[in-house]
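Here's the letter readout for the chains.
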Number of protein chains: 2
Amino acid sequence: MVRLEDVARAAGVSASTVSRALARPDMISEATRSRVLEAAERLGYRHHPAARALATGRTGLLAFGVPSLANPYHAPLIAGAQQAAEEAGCELVVVVTDGSPDREAALFARLADRVDGFAALIPGSPAARLAEVAAGLPLVTLDRRVRGVPSIVIDTPGGMAALGAHLAGLGHRRVAYLGGPAGSWLDPRRLAALREAAPGCEVRALGPYLPEYQAGIGALDEVLAAGCTAVVAYSSTLTLGVLYAMTARGLSAPADLSLASADDLSAAGLAVPDVTALRVPSRAAGRLAVERLADLAAPRPAGPAHTLLPVEMIVRSSSGPPPDRAP
Amino acid sequence: MVRLEDVARAAGVSASTVSRALARPDMISEATRSRVLEAAERLGYRHHPAARALATGRTGLLAFGVPSLANPYHAPLIAGAQQAAEEAGCELVVVVTDGSPDREAALFARLADRVDGFAALIPGSPAARLAEVAAGLPLVTLDRRVRGVPSIVIDTPGGMAALGAHLAGLGHRRVAYLGGPAGSWLDPRRLAALREAAPGCEVRALGPYLPEYQAGIGALDEVLAAGCTAVVAYSSTLTLGVLYAMTARGLSAPADLSLASADDLSAAGLAVPDVTALRVPSRAAGRLAVERLADLAAPRPAGPAHTLLPVEMIVRSSSGPPPDRAP
DNA sequence: TCCTATCGTGCAAGCGCTTGCAGATCATCT
DNA sequence: AGATGATCTGCAAGCGCTTGCACGATAGGA
């Protein structure tokens, strides 16, 4: 292994100069620096992460917590996070919380002195605990706002409002909202936004459902029993299950039932091309969360801030007028 | 922060004694040890990971590489890996390779001196490169065997043989295999096993397909065009797509077409209860891979070994006699 | 020309933990 | 009683990097 001192010897300077040439270029004269850089390059020098961590107190590791990996919504989120981490010169430790506040707490404790910060999608943990964690460690929350903790929130409520207006405009008077998961910070906000945007329209909140195909199959019965003419599902796998169940019963969208999803299927490679959906910038959310985190962990701690990412409604053929109004 | 020396002072011993009481209990007298442990407990002492890493050369970090997070098959794999890592007292760095050999190589290089070992599902990287990596860093491969590199392989070829025998026994004479991904080590072995177990049966290899819902929808056309009476898909999302496409056309299984999946849907919460499938122990595979890795990374390096995990065929109602033989 | 900023570099002291070695203590054997 | 181990503990030297401080050199101002 090639050490700082090996480079120093090769360049005819001291180890501290090499360290500075690499980390604080402006402190070193142009001539020396290029000589050092050349030597480092030639010898293939690479920082020893542990030594650097010991000296600086920063590990170069960022944690990213998600409730589950089975949900396709999380894949682009993590991909974005990973990309941002790489660009910040850090590694990403992905941890699965199972949505359990206890496990979340255990993970925070275990990782606290191993990572420089924590970004997490933790709909269920009590806000007080999060604030407490944030006091000891840079923390960024996803899809959730907590006082004093920077956050990245995808504006699905805004999208829900668009869907509500869209469906109400088509003439629907009874719409089902397939919500979940229980205890989610965002879920009641989505529902409220949907209701508010469709004033003349009764919105039946069903669920909560797990974001699973299977759950969607079962949900269709409830939707029909409730006499709704349109259904909005909070997750793409749920939508997929509803669509399968509809097809199995010989129902089609939108002739028999309008269908919309709060999460665009095509993004997950689960494309059924014709479902009206929200295009959610989940990759961007993951990326921004980690960028924000890297800022917080950096010596120059940019202050906390909340970011709301807009979503776009994509109207496709699965939504149309209710059956009794069809042309 | 409470340091080793703080504990030492509290217990009235030296820092080295504390270190040993924690790491080599047998070197320390019973009395001293319990006194030290009590003090450590009381003060809430925790190792400083970076300091330990610098002194020992071991980081307590293990890397786990997967081609993608969008594939539901990977979720239990990673969950198992994470559990094993926790039990070994390590953190797991999950990295996504995108299935690109170049990116894999870059990740190996970048993580080489950050982690104690690498477990990876890398169907595409050249074997020579993997052997090279394994020379410099503990490495365990998943679903792939490379000379001299320990591996955990799920015996889907064995499961394919069971499916082949099952379908041939039902009277099928032309079976479609929906394979993928291109360049996978395991894929040709699955196909060969399927062929071998169904001697009187023509096995049409279609694809390669991506493990996606959408791909399954398209695949059905090819299956029907090829005149097959049964179809075996290598991935559960693919199966789901086929099933949807069948339903949309009014075809049902097994009356019109028998359907089997090399990967059990119910495991991923994508349960469509009646699909004949292989139950693959993916959680166990992830767990074993990381356990093996932790062994390799430990001072007592257990030798390389290959593990083949058996799979179980679950016959359900989606497979039956071909249409012309139906009762 | 002498004095004072300014800039670039080196020295050395850590960061917190591990571990080879040597010293101390006490039991056992001759 | 003296010698010989065996057992336990402490000393101190690192692991590789960063960084406050001091020092020497160079440039600018009086």
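Residues numbered from 1 in each chain as written. Chains lettered and ligands numbered in written order. Predicted model: local features only at pLDDT ≥ 70, side-chain atom pairs only at ≥ 80, totals over all residues. Heavy atoms only, no water.

A.B. asks: How do you make sense of the packing of helix α1 (residues 4-11) of chain A against helix α3 (residues 30-43) of chain A when you look at a structure like this?
C.D. replies: Between two packed helices, both the angle of their axes relative to each other and the distance between the axes serve to describe the pair. Residues and elements named next belong to chain A. Viewed as axis vectors pointing N to C, α1 and α3 meet at an angle of 125 degrees, and their least axial separation amounts to 9 Å. Overall, the two elements α1 and α3 adopt an arrangement that is oblique. Note on packing geometry: the crossing formed by α1 with α3 is right-handed. Judged by residue contacts, Asp6, Val7, Ala10 and Ala11 of α1 engage Arg35, Val36, Ala39, Ala40, Arg42 and Leu43 from α3. In terms of residue class, the contact of α1 with α3 is built from seven nonpolar, no polar and three charged. (Axes fitted to C-alpha atoms, helices over the stretch in contact; angles between N-to-C directions. Helix = DSSP H or I, 4+ residues; strand = E, 2+ residues; numbered from the N terminus. Parallel < 35°, antiparallel > 145°, perpendicular 65-115°, else oblique. Left-handed = near helix turned anticlockwise from the far one by under 90°. Contact = heavy atoms within 4.5 Å. Nonpolar A, V, L, I, M, F, W, Y, C, P; charged D, E, K, R; others polar.)

A.B. asks: Got a minute to help me understand the protein's contact with DNA strand D in this structure?
C.D. replies: For DNA strand D, the set of nearby residues contains 24 residues, the closest of which are Leu4, Ser19 and Tyr45 of chain A together with Thr17 and Thr32 of chain B. Backbone atoms, meaning sugar and phosphate, form 64% of the atoms of DNA strand D found within 4 Å of the protein. Within the side chain of Arg20 of chain A, one N or O atom sits 3.3 Å away from a base oxygen of DNA strand D. Thr17 of chain B is positioned such that a nitrogen or oxygen atom in its side chain is 2.4 Å from a phosphate oxygen of DNA strand D. Only α2 (15-23) and α4 (49-56) of chain A together with α2 (15-23) and α4 (49-56) of chain B provide two or more residues apiece to the surface near DNA strand D. Here the surface near DNA strand D gets four residues from one element, more than from any other, and that element is α4 of chain A. Looking at the surface near DNA strand D residue by residue, the classes come out as nine nonpolar, 10 polar and five charged. (Near = heavy atom within 4 Å. Polar contact = N/O pair within 3.5 Å; in protein donor to acceptor, adjacent residues only side chain to side chain.)

A.B. asks: Teacher, can you tell me more about the protein's contact with DNA strand C here?
C.D. replies: Inspection of the region around DNA strand C gives 24 residues, with Thr17 and Thr32 of chain A together with Leu4, Ser19 and Tyr45 of chain B positioned closest. For DNA strand C, the backbone portion of the atoms within 4 Å of the protein, that is sugar and phosphate, comes to 65%. Between DNA strand C and Ser29 of chain A there is a distance of 2.9 Å, counted from a phosphate oxygen to a backbone nitrogen or oxygen. Side-chain polar atom of Arg20 of chain B to a base oxygen of DNA strand C: 3.2 Å apart, as the coordinates give it. Among the elements of the structure, α2 and α4 of chain A together with α2 and α4 of chain B are those that each provide at least two residues to the surface near DNA strand C. If you tally residues by element for the surface near DNA strand C, the top one is α4 of chain B, at four residues. Counted by class, the surface near DNA strand C contains nine nonpolar, 10 polar and five charged residues.

A.B. asks: How do you make sense of the sheet that holds strand β7 (residues 202-206) of chain A when you look at a structure like this?
C.D. replies: To summarise the sheet geometry, strands pair through backbone hydrogen bonds and adopt either a parallel or an antiparallel arrangement. Residue and element names in this part refer to chain A. Strand order in the open sheet formed by six strands is β7-β6-β8-β9-β10-β12, with mixed pairing between adjacent strands. Looking at which strands have only one partner, the edges of the open sheet turn out to be β7 and β12 (312-314). The average angle at which neighbouring strand axes cross in this sheet is 20 degrees, direction not considered. Relative to strand β9 (residues 258-261), strand β8 (residues 230-233) is paired through four bridges, and the arrangement is parallel. (Pairing = 2+ DSSP bridges.)

A.B. asks: What is the right way to read the packing of aromatic side chains from this model?
C.D. replies: Enumeration over the complete set of coordinates arrives at four aromatic pairs over all chains. Seen in terms of ring centroids, Tyr213 of chain A and Tyr244 of chain A are 6.0 Å apart; in terms of plane orientation they differ by 40 degrees. Their pairing is tilted. Separated by 31 residues along the polypeptide, Tyr213 of chain A in helix α10 (residues 213-225) and Tyr244 of chain A in helix α11 (residues 236-248) bring together distant segments of the chain. When sorted by exposure, Tyr213 of chain A lands in the same class as Tyr244 of chain A, which is buried. Ring centres 4.4 Å apart and planes at 55 degrees place the aromatic pair Phe108 of chain B and Phe118 of chain B in the tilted group. (Phe/Tyr/Trp six-rings, centres within 6.5 Å; stacked < 30°, edge-to-face > 60°. Buried < 20%, exposed > 50% of the residue type's maximum accessible area, 1.4 Å probe, protein only.)

A.B. asks: Is there a simple way to explain the interface of chain B and chain A in this structure?
C.D. replies: Buried accessible area, meaning the area lost when the parts come together, often serves as the stated size of an interface. Listed as interface residues are 44 residues of chain B and, on the opposing side, 45 residues of chain A. In total, about 4,000 Å² of surface goes out of reach between chain B and chain A, with carbon and sulfur atoms giving 56% of it. Three residues, Glu91, Arg114 and Tyr213 of chain B, lead the burial of chain B against chain A; their summed loss comes to 16% of the area buried on that side. Counting across the interface, chain B meets chain A through eight salt bridges. In this structure, the salt-bridge partner of Arg110 of chain A is Glu86 of chain B, at a minimum N-O distance of 3.2 Å. Those elements giving two or more residues to the side of chain B that touches chain A turn out to be α4, α5 (74-87), β2 (91-96), α6 (101-111), α10 (213-225) and α11 (236-249) of chain B. (Buried area = accessible area lost by both parts, 1.4 Å probe. Salt bridge = Lys/Arg side-chain N within 4 Å of Asp/Glu carboxyl O.)

A.B. asks: Explain the state of the cysteines to me, please; I cannot follow it from the model alone.
C.D. replies: Cysteine pairs can be linked by a disulfide, which is a covalent bond between their two sulfur atoms. Residues and elements named next belong to chain A. Counted according to the given criterion, the structure contains zero disulfides over all chains. The cysteine Cys201 is free of any disulfide, with Cys228 supplying the nearest cysteine sulfur at 8.7 Å. Take Cys201: its relative accessible area is 10%, and that puts it in the buried class. Assessed through its relative accessible area of 7%, Cys228 is described here as buried. (Disulfide = S-S within 2.5 Å.)

Limitation: the analysis is restricted to geometry and does not speak to function.
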